[in-house]
Amino acid sequence: MERIPAHWRTARLRYVARVGNGTTPARGRFDYWSNGTVPWLASGQVNDYIVRKARELVTAQAVKESCLRVLPAGSVILGMVGQGKTRGMSAYLAIDATINQNLAGITPGKELDGRYLHYMLTAAYDFQRNYGRGGNQAALNCAIVGSFPTLLPPRQEQDKIVAYLRAQDARISRLIKAKRELIGLLTEQKLRIIDHAVTRGLDDSVALKPSGIEWLGDVPLHWDIALVKHVADVRFSGVDKHSHDHETSVRLCNYTDVYKNDKITGDMDLMQATATAGEIARLTLKAGDVIITKDSETPDDIAVPAWVPVGLPGVVCAYHLGLLRPEPGRIEGEFLFRAIGSARIAEQFHVLATGVTRFALGKHDVKNAVIPLPPIGEQKVICRWIADECKPLEEAILRAEDEIKLIREYRDRQIADVVTGQVDVRGWVSGPDDVVADEDLAVLGSDDELDTDGEEEDGDD
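**Q** Describe the environment of P154, naming the residues involved and giving the relevant values.
**A** Along the chain, the position of P154 falls in the loop between β10 (149-152) and α7 (155-200). Look at P154 and you get partly exposed, because its relative accessible area is 37%. Measuring from C-alpha to C-alpha, the distance between P154 and H7 comes to 8.1 Å, with 147 residues separating the pair along the chain.

Dropping the structure here:
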């Protein structure tokens, strides 16, 4: 640890805060989850940065009978498990809430401000991750979190640190928001290009015919309309990220890999796990395969596709994903990927998805989804044209994403310098533009979809 100001002191976190975790009330108990009023948080909500609303609610009866502790607003939650980004990430609670067993809930005592603690844990993200223990899935626990060496400036100085960093965060938030809006505009333009190409083709003078499907409208006269099951073999995966005895070691293409990437390639940092011989035979990725997300917290994230341009021996499609294997000579894998990702065709998946707190597609829904089908030669031409047209947009999107990463790296360094006392902000005076509301900082949540798939929920029946 760097040298700290002489007037600061240090203490293990457990001596200046209450540290504990929660549980998952039995999912089979309708009276625990129906018409709930008490916020309940799963690990993914560390992504929110400042938690102002829970994605799930439980009843007062669930709180009582499941021995859930209600964390007061001003507490901090910390992710304790996961091979993705979740472990070590933290969020500040702007509401009272209960938590699951994969989160640590930290309620500061009188010597410690919750917002200051949140900044300190943000600066210590890598430190916390390296403290994870466990076999195949590294994990923290409350004892490890409680032993975290906490820096304790005087409370008045903590308040000044928080005010200073929130003012800087407001400026950083505006920059990130502008970059994200640019990415959104570029992505929208890209989707318009793809949508027109896969539903109308490249020749605007071609004769059209009614598709017979209201949302699709007219299509070129020489095209077919096909159900996915007639052009691809649909396979749903049940392979989770955990390793099991008597199974073979594999690399997993996981939910986040698909959600964040158009293509799945061998040079990606894929998760290690195990699978049975049958699962390996059925779900190993081959050239031309299309993978889709089959469930999500929002309908709009259903059926997000990725394409496998080259076969990947030893890489298996994981849980929460569906694998579509194109029929050779009938449809190109790249065209199927482009079609499923187009706005008009994707909308049918969003409508079909069912659920309350988590939405899901059934295999029947995917098999009976409708796509326009040009001749195979025309599919190839369309795919090449889309790649050429979208390349400048994709490069601009990558530049904007890289700029966001640089902004975040600058912010991380700034937070670390201030919460360790390397930068003294006691003389800083706030201005009228430095008053910040929590909603203004929402953009500081992670840009990545956190991978919490497969977390154990001890409340499951």
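**Q** I'd like a rundown of the nonpolar core, residues and numbers included.
**A** Core analysis: the largest hydrophobic core is formed by 89 residues, its most contacted members being L13, Y116 and L324. With 14 residues, the top contributor of residues to this core is α7. Contact partners of Y116, with chain neighbours within four places excluded, come to W8, L151, L152, P153, Q158, I161, V162 and V419.

**Q** Quick one: what's the story with a positive patch on the surface, residue by residue and with numbers?
**A** Together, K229, R282, K363 and K367 make up a region of like positive charge exposed at the surface. For K229, the location among the structural elements is in the loop between β13 (224-227) and β14 (232-236). Judged by its relative accessible area of 39%, K229 is partly exposed.

**Q** Any chance you could break down the sheet that holds strand β21 (residues 321-326) for me, citing the residues and the numbers?
**A** Strand order across the open sheet formed by four strands is β14-β21-β17-β19, with antiparallel pairing between neighbours. Of all the strands in the sheet, just β14 and β19 (305-307) have a single pairing partner and so form its edges. Averaged over all pairs of adjacent strands, the angle between strand axes in this sheet comes to 20°, irrespective of strand direction. Pairing between β14 and β21: five bridges, direction antiparallel. Directly across from R235, in β21, lies its bridge partner L323. Across the sheet, helix α10 (residues 333-341) touches β14, β17 (290-293), β19 and β21, and the angle it forms with β19 is around 165°.

**Q** Before we move on, could you go through the pairing of strand β16 (residues 271-275) and cite the residues and values that matter?
**A** With four of five residues buried, β16 is to be regarded as a mostly interior element. Examined bridge by bridge, strand β15 (residues 248-253) and β16 share five bridges and lie antiparallel to one another. When the sheet's bridge partners are listed, R251 is paired in β16 with Q272.

**Q** Which residues make up the packing of α7 against α10, and what values go with them?
**A** At their nearest, the axes of α7 and α10 sit 9 Å apart, and the two run at 115° to each other. Seen from above, α7 lies across α10 with left-handed handedness. Of the residues in α10, those touching α7 at K190, L191, I194 and V198 are F335, R338, A339 and G341. Along the lines of polarity and charge, the residues of the contact of α7 with α10 split into five nonpolar, one polar and two charged.

**Q** Break down the side chain of R325 for me, citing the residues and quoting the values.
**A** The topology assignment puts R325 in strand β21. With relative accessibility at 14%, the residue R325 sits in the buried group. A polar side-chain atom of R325 sits 2.7 Å from a polar atom in the side chain of D289. Apart from residues no more than four positions distant in its own chain, R325 is found in contact with V231, A232, D233, R235, R282, T284, L285, K286 and D289.

**Q** So, the pattern of salt bridges: which residues are in play, and what are the values?
**A** Taken as a whole and judged by the stated rule, the model has 19 salt bridges. Where K190 meets D262, a salt bridge forms, and the shortest distance between an N and an O atom there is 3.1 Å. In this pair, K190 is assigned in helix α7 and D262 in the loop between α8 (255-260) and β16, connecting sequence segments 72 residues apart. Since its relative accessible area comes to 11%, K190 is described here as buried. Residue R413 is joined to D417 by a salt bridge in which the shortest nitrogen-to-oxygen separation is 2.8 Å. Of this pair, R413 and D417 are both found in helix α13 (residues 376-419), four residues apart, which corresponds to roughly one turn of the helix. Note on R413: relative accessible area 44%, which makes it partly exposed. A relative accessible area of 21% means that D417 is categorised as partly exposed. Through salt bridges with shared partners, a single ionic network connects R29, D31 and E65.

**Q** Any details on the environment of P39? Residues and values, ideally.
**A** Its place among the elements puts P39 in strand β3 (residues 38-41). As for P39 and A54, which are separated by 15 residues in sequence, their C-alpha atoms are 5.2 Å apart. Apart from residues no more than four positions distant in its own chain, P39 is found in contact with A54, E56, L57, I95, D96, A97 and T98.

**Q** Before we move on, could you go through the sheet that holds β16 and cite the residues and values that matter?
**A** Read from one edge to the other, the open sheet built from three strands follows the order β16-β15-β20, with strand pairing classed as mixed. Both outer strands of the open sheet, β16 and β20 (315-317), are each paired with one neighbouring strand and no more. Within this sheet the neighbouring strands show an average axis-to-axis angle of 55°, counted without direction.

**Q** Now, about the environment of I407: what can you tell me, with residues and values included?
**A** On the secondary structure map, I407 appears in helix α13. Residue classification places I407 among the buried residues on the basis of a relative accessible area of 15%. The residues touching I407, leaving out its near neighbours within four places in the chain, are I172, L175 and I176.

**Q** Kindly report on the packing of aromatic side chains, identifying the contributing residues and their values.
**A** Taken as a whole and assessed by the stated rule, the structure comprises four aromatic pairs. Between W33 and W40 the ring centres are 5.2 Å apart and the planes differ by 85°, which places this aromatic pair in the edge-to-face class. W33 sits in the buried class, given a relative accessible area of 16%. Ring geometry for Y255 versus Y259: centroids 6.0 Å apart, planes at 15°, classification stacked. Here Y255 and its partner Y259 are both found in helix α8, four residues apart, which amounts to about one turn of the helix. On the accessibility criterion, Y259 (27% relative accessible area) is partly exposed. Over the aromatic face of Y32 sits the side chain of R29, whose NZ or CZ is 4.2 Å from the ring centroid. Residue placement shows K294 over the ring face of Y319; its charged tip is 5.5 Å from the ring centre.

Quick notes on the rules
Residues numbered from 1 in each chain as written. Predicted model: local features only at pLDDT ≥ 70, side-chain atom pairs only at ≥ 80, totals over all residues. Heavy atoms only, no water. Helix = DSSP H or I, 4+ residues; strand = E, 2+ residues; numbered from the N terminus. Buried < 20%, exposed > 50% of the residue type's maximum accessible area, 1.4 Å probe, protein only. Core = buried A, V, L, I, M, F, W, Y, C linked by side-chain atoms within 4.5 Å. Contact = heavy atoms within 4.5 Å. Patch = residues over 30% accessible without salt bridge, like charges linked within 9 Å, V, L, I, M, F, W, Y side chains within 5 Å. Areas by Shrake-Rupley, 256 points an atom, 1.4 Å probe, with all protein chains shown as cover. Salt bridge = Lys/Arg side-chain N within 4 Å of Asp/Glu carboxyl O. Lys, Arg positive; Asp, Glu negative; His and termini not counted. Charge placed at Lys NZ, Arg CZ, Asp CG, Glu CD. Pairing = 2+ DSSP bridges. Axes fitted to C-alpha atoms, helices over the stretch in contact; angles between N-to-C directions. Left-handed = near helix turned anticlockwise from the far one by under 90°. Nonpolar A, V, L, I, M, F, W, Y, C, P; charged D, E, K, R; others polar. Polar contact = N/O pair within 3.5 Å; in protein donor to acceptor, adjacent residues only side chain to side chain. Phe/Tyr/Trp six-rings, centres within 6.5 Å; stacked < 30°, edge-to-face > 60°. Lys NZ or Arg CZ within 6 Å of the ring centre and 35° of its normal.

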